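Spelled out, the chains give:
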Amino acid sequence: MKQNTPPNFYDLKNKSIFDPAKKQKKLIYIIMAKIKLEYIWLDGYEPTQNLRSKTKVEEHENFKGTLEELGNWSFDGSSTKQAEGGSSDCLLVPVAIYPDPTRINGYLVMSEVMYADGTPHPSNGRATIDDDNDDFWFGFEQEYFIMDTKTLLPLGFPVGGYPAPQGMYYCSVGGKNTHGRKLVEEHADLCIAAGINFEGINQEVACGQWEFQLFAKGAKKAGDEIWVARYLLDRLTEKYGYYIEYHPKPLGDTDWNGSGMHANFSNNILRTCGDQATYERICEAFRPVTAEHIAVYGAYNDQRLTGKHETASIHDFSYGISDRGASIRIPLITVQKGWKGWLEDRRPASNGDPYKIAARIIKTVKSAL
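Thresholds applied
- Residues numbered from 1 in each chain as written.
- Predicted model: local features only at pLDDT ≥ 70, side-chain atom pairs only at ≥ 80, totals over all residues.
- Heavy atoms only, no water.
- UniProt positions renumbered as here; feature names shortened; annotations may be inferred.
- Salt bridge = Lys/Arg side-chain N within 4 Å of Asp/Glu carboxyl O.
- Buried < 20%, exposed > 50% of the residue type's maximum accessible area, 1.4 Å probe, protein only.
- Helix = DSSP H or I, 4+ residues; strand = E, 2+ residues; numbered from the N terminus.
- Core = buried A, V, L, I, M, F, W, Y, C linked by side-chain atoms within 4.5 Å.
- Domains from an automatic or database assignment.
- Contact = heavy atoms within 4.5 Å.

- Labelled according to an unreviewed UniProt entry, the protein chain appears under the name Glutamine synthetase, originating from Flavobacterium chungangense.
- Under the UniProt heading Function (unreviewed entry), the note attached to the protein chain is "Catalyzes the ATP-dependent biosynthesis of glutamine from glutamate and ammonia."
- The Subcellular location (unreviewed entry) field of the UniProt record for the protein chain holds the comment "Cytoplasm".

This is the structure we're talking about:
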């Protein structure tokens, strides 16, 4: 061997590394595989944005599933109300990646929408979040109705009428009052397999209504995971003949609960201050900007926030300890731990954008400090 040969060198022909010290070759393996990358983004529809996605198939060498291995992509923004036909290209910039548990060599790629020059598109709520150090933690409680595509009614609703009144559906067990558990359980498994920090499920107060909970350290991550969890849920319904209704009051002006997405939030001050006055000052900071919060808390929320069915009126602002009829609930456990914990904003609607909700909450909390 020549003196200038490096201590270890790669033999391309035999796919091995020669180790002079041990005078032997160690086989190494280069795995080339076709990877399915599902780029997911939010469109430009108003008042409620929709999930869109498309698949890019690429050949990768020893793919590790990291953002650094991904490139930007583009799409026709004129078909999603995000551009004009004469200049229709919008950019998809990956911001989070998760294994796709339903595909071989598949990954879910949550993406931000950017203009061609790299600046955020107005529909990009994630870009408005001021939490670069992940000081804010969010736990979202996503409620929704499972709808039958044939009857266009929530599961358990008979055609031309109503099931038994509310009361027995919440956290129920058994075929009489529980509808859709198979889909809900499968969705939970998919989210966990994808690496999402999935924290729980339960049937809700209305017939055919369910909820799942997610928690994340960092507002952007929390939003990413809610959107990917929604994507997995929506895609799963395709094989069941169902669809998901995120409207906050899909049953209209009836004595049935609507759907919300309660936002539990904290920052380091809320987690450690130990001071009732600080909590009250932060809560009071929400009062003068009530309209600004409602504006990004989801469309048609006025139909849900009526002061009934465990909601505060959309026209009022209130907060209270363990009060589920308040705009902001101070959890009892926070008080019991000496005013160290979190707050729960109960106003966000089930169809709200978690990015925009988190961005507005962060802005208000910071204004009080």
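Structure shown, so let's carry the discussion forward.
1. Here's the deal with the pattern of salt bridges
- Per the stated rule, a full pass over the model turns up 15 salt bridges.
- Two residues, R52 and D43, come together in a salt bridge whose shortest N-O distance is 3.0 Å.
- For R52, a relative accessible area of 25% translates into the label partly exposed.
- For the salt bridge of R126 with E112, the shortest nitrogen-to-oxygen distance reads 3.9 Å. In this pair, R126 is assigned in the loop between β8 (106-114) and β9 (137-148) and E112 in strand β8, connecting sequence segments 14 residues apart.
- Its relative accessible area of 11% is what places R126 among the buried residues.

2. Thoughts on the nonpolar core
- Ranked by internal contacts, the top residues of the largest apolar core, which has 61 residues, are F138, Y144, I196, L343 and I361.
- Considering every element that reaches this core, the biggest residue donor is helix α2 (residues 219-236), with 10 residues.
- For this core, the domains that each give at least three residues are domain 1 (33-124) and domain 2 (137-368).
- Once you skip the residues sitting within four places of it in the chain, I361 turns out to touch F138, A263, F265, F286, H293, Y297 and D345.

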